[in-house]
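Tertiary structure, described
Below, each chain spelled out in residue letters.
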Amino acid sequence: MDKITRREFIKIGAGAALVTLLPKSLLNADKTAAPVIGVAEGDNSKLVKAAVDLVGGIDKFMKAGDVVCIKPNLSFASNIDCGATTNPAIVRQMVQLCLDAGASRIIVLDHTIHEATLCVERSRIEEAIIDKKVSLVTLQQERQYTDVDVPGGKELNRIQVAKAIQNADLLINMPTAKSHSATGVSLGLKSLMGLIWDRGYLHRVNLDRAIAELGTVIKPGLTVIDATRALTTGGPGGPGKTVVLNKVVAGIDPVAVDSYTVGIAQWYKKSWTGKQVKSIRAAADLGLGEIDTANMRIKQVKV
Amino acid sequence: MKLRIKRSRILRWIVQILFLGLFITAFVLTRYSVPVTFQNLFFKFDPLILLVVSIAYRTVLAAAMLSLLTVAATLFFGRFFCGFICPLGTTIDIFDVFVKKQKKAAPILRSGKYLILTFLLAAALLGTSFLHFFDPLAIFERSLTLIFYPAAMYIAGIFNVGMRAIYTESAIAFLFLFIILGLNFISQRFWCRNVCPLGGLLALFSKSAVFKFSFAEGCTECGICEKICPTGAISIEKMSVDSGECIDCLRCLYECPQHVFEYKISLAPKRLDLSRRQLIGALGAGIIIAPLANSLLHRRLSGRLIRPPGSIPEADFLDICIHCGKCMKVCPTNGLQPCILEAGVNGLWTPRLAARIGGCEKNCNMCGQVCPTSAIRNLPLEEKTYAKMGTAVIDRARCIAWEQDRVCLICDEACPFAAISSLNETVRGTTLLRPFMDERICTGCGLCEARCPIEERAAIEVYSIGEERKRRGSYITEEKIRLRACEEKDEDIPSGFIIDN
C-alpha cells in the first residue's frame with residue numbers, strides 16, 4: 001500500500017471529524033426507523049410463526065448451521081396454566097421454526113429460581129425438546145458463567161453472564177407476560193436476569209436501573225413474548241389472576257416489545273403504558289430502543 | 001498387591017457384590033425424578049429396626065414387618081444375611097482384602113454383640129433409640145449419603161456434570177465408618193462378630209437354626225478351618241461350629257482338605273455364653289445412658305429445628321427415625337441436612353430443613369416417600385403442602401427493603417403460597433413496598449430464606465413456630481383452604497410503576 005501523504009491524512013482526519021459531528025439519526029438511519037412489532041392472535045398452535053413472519057421471518061435472524069439459544073422463563077415450579085412460566089407449546093413452535101431454518105444446535109436455557117428439576121417438570125418444557133439437535137440446559141452452577149464488563153454501568157460494573165449465549169449465533173428471548181411484585185411487569189428485559197449468575201445482586205442495588213443496564217450487555221436478536229395468558233397479579237411466581245389473551249408479541253427492539261406488551265393487559269387491575277414502567281423507561285433512556293408506541297409500526301394478524 | 005480369589009469363594013463374592021450393587025443402585029435411584037419402588041426395601045427386611053423401633057415407639061412398626069421373613073430364613077439357614085447380603089459386611093470384606101496379615105490371636109469379644117443388643121433394648125424400653133449408631137444398614141446408607149455422595153458429586157463437578165451436594169455434617173459419619181473398617185486391623189470382620197447388634201439378633205436365631213455346619217468323621221486336626229473362618233466360629237478342640245457365629249461363608253466346606261464339614265439339619269440349639277454380670281452391666285448402661293441422650297434437648301433451644309414436612313411428633317420422630325439419611329439424599333434442593341446437636345446429642349444425623357441452603361419445594365414429597373420407617377409420613381402432594389413445618393419471620397433490621405429502602409421483595413417472589421405480600425409502608429419518610437408475612441398462610445417451607453439476597457444470615461428465617469406434627473390425620477382445614485385462595489387478595493402497586501396523577 002502506498003504511504004499516506006500529509007495532505008491525504010488531513011483530508012481523512014477532517015472527514016472523520018465531520019462524521020462525528022453528524023446527528024446520530026443520520027448514521028443509524030436503519031435503527032431509528034420505527035421498530036416493527038408483530039402481534040399474532042388466535043390459534044395458540046400457529047402464533048409464533050405468524051408473529052415472527054410479521055417482523056421479517058426467521059430467515060432474517062439466522063442462517064442454516066447457526067447455533068441458537070432460546071431463553072424461556074422457567075423460573076418457578078408452578079403449573080403452566082398459572083402463567084408464571086413460558087407456555088411450552090409456544091417454545092416448541094419456536095424450536096420448530098429454528099429447526100426448519102436449519103439451526104445446527106438449539107439450546108433452551110434458563111437459570112431457575114426454584115429447584116431446576118421441579119421447574120423443568122412443572123413448566124413441561126421438555127415438550128419443546130423435540131429433536132436431537134435441541135438440548136435443555138438449566139444454568140444453576142457458577143461454572144456455566146463468565147465475567148462480562150458493563151461499560152458505563154452505574155449499578156453494575158461486571159456481571160457473570162451465561163457462557164452458552166456468548167457462544168451462540170442468535171439469542172431468542174421468550175419470556176411470558178406477567179406481573180412482578182417489584183418491577184411491576186416482568187417481560188423481555190426483566191427476563192434477561194435468568195441469564196446471569198447472581199440475580200440477587202440486582203435487588204441489592206437500584207433494580208429498575210440495573211435491569212436496563214443488563215440490557216446493554218445481553219442483547220437478544222429477537223424477543224418473542226408469550227402472551228397466550230398473562231399472570232396479571234401475584235407475579236412473578238403466582239398464584240394470582242391469570243387472564244387468557246391468546247397472543248404472541250415479537251420484535252427486534254427489546255424496549256419496544258416490552259413497552260407494547262405492557263398495554264395489552266391490565267396489571268394489578270390498572271391500565272399502564274410502557275413509559276410508566278421504570279425499568280423499561282430506564283432502558284429507553286440508555287438508548288436501548290423505542291418506548292413510545294406511537295413511534296412503532298405495529299402489525300397485527302389473526303390466525 | 002496381588003488379589004487372588006480362590007475359586008471356592010467366587011460364589012459368595014458374586015452374591016455379595018450383587019447385593020451391594022443392588023443396595024447402591026437403590027441409593028443412586030433415590031432421587032427426585034425416579035418413582036419410589038424398591039429404594040427403601042432393604043430396611044424393611046431388617047429385624048433389628050422392627051424390634052428396637054417397636055419397643056421405643058410402643059407400637060409395632062408395620063413398615064418393617066417384612067423383616068420377619070429374614071428371621072424365618074435365619075431360623076432355617078443361619079446368619080446368611082451377614083455373610084451374603086449385608087452391604088456393610090461386604091464392604092468390610094472388600095476392605096479386608098487390602099488388610100495384610102491380620103494378627104491371628106483375635107480377642108474374644110464375641111459376647112459384645114449380645115451386650116450391645118441388650119443395651120439397645122434396655123434404652124428402647126426407656127423410650128430412647130440408639131439404633132442409628134449400630135444398625136449396619138443405617139450406617140451404610142448414611143455413609144453413602146454423607147460421605148460418598150458429596151465426594152462423587154464433587155468429582156463429577158470437576159468434569160462439569162451433575163449438581164452440588166453438600167452436607168453440614170460428614171466428618172463424624174466419616175470417622176464412624178473409618179473406625180468400623182479400621183477394626184479389621186484387629187481381626188477379620190471384627191465389627192460383625194463382636195459389635196453388630198443385628199448380627200447379635202440374628203445369631204440368637206441362628207443358634208437354633210435348622211441347618212447348621214458340623215464336623216463329620218475324618219478330621220486330622222490340621223487347623224486350617226480355624227484359621228480361615230472369618231468369624232472364629234469353628235473350634236477344633238470341641239469339634240463344633242457355633243452356628244451363632246457362623247455367617248454361612250462356606251469356606252470350611254470348600255477349603256477343608258479332608259472335606260469333613262457338612263451343612264445339614266441339626267435341631268440341637270447351640271449354647272449362648274453370657275454371664276449374668278455382663279447382662280446386668282449392659283442393661284444398666286442402657287438405663288443410665290438413655291436419659292443422657294436427651295441432654296441438650298430443650299424446646300426453646302430448638303427453635304430453628306425444622307423437620308421435613310409430615311414428620312411425626314418430635315418424641316416419636318426420634319424413636320422411629322433411623323438416621324439413615326435417605327431423605328437428605330433425595331431432597332432436590334439439598335435443603336435437608338443432618339443435625340449435629342440441633343436435636344440433642346441423640347439427634348445426630350437426623351434430618352432438618354436448613355432453609356438457608358435450600359427450601360422445601362412445594363411440588364415435592366420425596367422425603368416422605370423414601371423414608372423407610374415413616375418417621376416422615378408419606379403424604380400426597382396436596383396434603384404435604386398443608387403440613388406446616390414452621391413460620392418464616394422477617395427480621396426488619398436486616399431486611400434491605402425495610403432498612404435500606406431497596407426494591408427487593410425476592411421473598412415475595414419466592415413464596416409459592418403468596419404468604420408474603422408487598423405493601424406500601426412509610427419508613428423514615430420514604431414510602432416503598434416492603435414485605436409483610438401472613439403467618440397463617442406460611443408453611444415454613446423456607447424458599448424465601450433460601451433466596452434472600454443478603455449476605456450470611458437471611459433477613460427472613462424459618463422458626464418452628466406453629467409447626468404441625470401429627471402421627472395421623474389430615475393437615476388440610478377449610479380455614480387453610482380459604483386463606484390460601486388468594487386470587488382476590490389486595491396487592492399494592494409495585495414500585496416499578498410510575499403512577500401518573
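Residues numbered from 1 in each chain as written. Chains lettered and ligands numbered in written order. Predicted model: local features only at pLDDT ≥ 70, side-chain atom pairs only at ≥ 80, totals over all residues.

**Thoughts on the overall build of chain B**
Threshold: A run of H or I in DSSP counts as a helix once it spans at least four residues, and a run of E counts as a strand once it spans at least two, with each numbered from the N terminus. Counting other C-beta atoms within 10 Å of each residue's C-beta, where C-beta atoms are placed from the backbone, gives the exposure class: buried for 20 or more, exposed for 12 or fewer, partly exposed between. What counts as a contact is two residues whose backbone-derived C-beta atoms lie within 7 Å of each other.
A count of helices and strands for chain B gives 23 helices and 10 strands. Principal-axis analysis of the C-alpha atoms places the extent of chain B at approximately 110 × 50 × 35 Å. Taken across its 501 residues, chain B has 49% of its residues classed as buried. Of the contacts formed within chain B by residues at least 6 apart in sequence, a portion of 75% connects residues at least 24 apart.

**As for the domain arrangement of chain B**
Residues and elements named next belong to chain B. Rules: Marked domain ranges trace back to an automatic or database domain assignment. Here the nonpolar group is Ala, Val, Leu, Ile, Met, Phe, Trp, Tyr, Cys and Pro; Asp, Glu, Lys and Arg are the charged ones; every other residue, Gly included, is treated as polar.
On domain assignment, one finds that chain B holds domain 1 (7-265) and domain 2 (299-484). Taking only C-alpha atoms into account, the centre of domain 1 sits 37 Å from that of domain 2. Tallying the contact residues gives 36 residues for domain 1 and 28 residues for domain 2. Mapped by element, the contributors of at least two residues to the side of domain 1 that touches domain 2 are α2 (41-44), α3 (47-57), α8 (131-134), α9 (136-158) and α10 (171-182). Among the elements that line the side of domain 1 that touches domain 2, the one with the most residues is α9, at 6 residues. By residue class, the composition of the side of domain 1 that touches domain 2 is 20 nonpolar, 9 polar and 7 charged.

**Remarks on the confidence of the model for chain B**
Note the cut-off: A score from 0 to 100, pLDDT tells how confident the predictor is in each residue.
Within chain B, residue pLDDT values average 89, and 94% of them lie at 70 or more. For this predicted complex, the interface confidence reaches an ipTM of 0.76, while the overall pTM sits at 0.81.

**Quick look at the interface of chain B and chain A**
Interface size is commonly expressed as the accessible surface area that is lost when the partners come together. Taken together, the contact pairs 36 residues of chain B with 34 residues of chain A. Contributions of two or more residues to the side of chain B that touches chain A are made by α21 (410-414) and α22 (447-451) of chain B. By residue number, the principal contributor to the side of chain B that touches chain A is α21(B), which donates 4 residues. Residues that form the side of chain B that touches chain A fall into these classes: 20 nonpolar, 7 polar and 9 charged.

**Considering the nonpolar core**
Counted only if it meets this: Here, a nonpolar core denotes buried Ala, Val, Leu, Ile, Met, Phe, Trp, Tyr and Cys residues that are linked to one another through C-beta atoms within 7 Å.
With 229 residues, the main nonpolar core has A:A51, A:M94, A:V224 and A:V248 as its most contacted residues. Two domains each provide a minimum of three residues to this core, namely domain 1 (7-265) and domain 2 (299-484) of chain B. Other than its neighbours up to four places away in sequence, A:A51 contacts A:G38, A:V39, A:A40, A:V224, A:V248, A:V249 and A:A250.

**What to know about helix α15 (residues 276-292) of chain B**
Residue and element names in this part refer to chain B. The line we're drawing: To estimate the expected span of a helix, count its residues, drop one, and scale the result by 1.5 Å. Directions are taken from the helix axis to each C-beta atom, and the arc is the one they span.
When the terminal C-alpha atoms of α15 are compared, their 25 Å separation across 17 residues agrees well with the 24 Å that a helix rising 1.5 Å per residue should span. Along α15, the positions that sit buried rather than exposed are A282, G286 and A290. Seen from one end, α15 has its buried residues packed into an arc of 60 degrees, which puts them on one side. Exposed positions of α15 whose direction lies more than 90 degrees from the buried face are R276, R277, I280, I288, P291 and L292. Along its buried surface, α15 packs onto α7 (112-125).

**With respect to unusual backbone geometry**
With omega at 5 degrees, the peptide bond leading from A:G235 into A:P236 counts as cis. Among the structural elements, A:P236 can be located in the loop between β10 (222-231) and β11 (242-251). Despite not being glycine, A:K269 has its phi angle at roughly 65 degrees, a positive value. Within the secondary structure layout, A:K269 lies in the loop between α11 (254-262) and α12 (278-285). With a phi angle near 55 degrees, B:D405 is a residue other than glycine that sits in the positive phi range. Along the chain, B:D405 falls in the loop between α20 (400-403) and α21.

**With respect to α11(A)**
One turn of an α-helix holds 3.6 residues; hence residues three or four places apart share an orientation. By the criterion of burial, α11(A) is predominantly enclosed, with 9 of the 9 residues buried. Burial in α11(A) covers these residues: A:P254, A:V255, A:A256, A:V257, A:D258, A:S259, A:Y260, A:T261 and A:V262.

**Structural notes on the environment of B:L75**
Residue position: B:L75 is located in helix α4 (residues 67-77). Remark: the alpha-carbon pair of B:L75 and B:I376, spanning 301 residues in sequence, is separated by 32 Å.

**Some details on the packing of α3(B) against α4(B)**
All names here are of chain B. We count it as follows: Here an angle of 0 to 180 degrees is reported between the N-to-C directions of two axes, which are lines fitted to C-alpha atoms, with helices fitted over the stretch in contact. When describing relative orientation, an angle under 35 degrees is termed roughly parallel and one over 145 degrees roughly antiparallel, while 65 to 115 degrees is termed roughly perpendicular and anything else oblique. Rotating anticlockwise by less than a right angle from the far helix to the near helix defines a left-handed crossing, while the corresponding clockwise rotation defines a right-handed one.
Orientation of α3 relative to α4, taken along the N-to-C sense of each, is 120 degrees, at an axis distance of 7 Å. On the basis of the axis angle, α3 is oblique to α4. In terms of crossing hand, the pair formed by α3 and α4 is left-handed. Along its contact with α3, which presents P47, I49 and L50, the element α4 presents S67, T70 and V71. Considering only residue class, the contact of α3 with α4 consists of 4 nonpolar, 2 polar and no charged.

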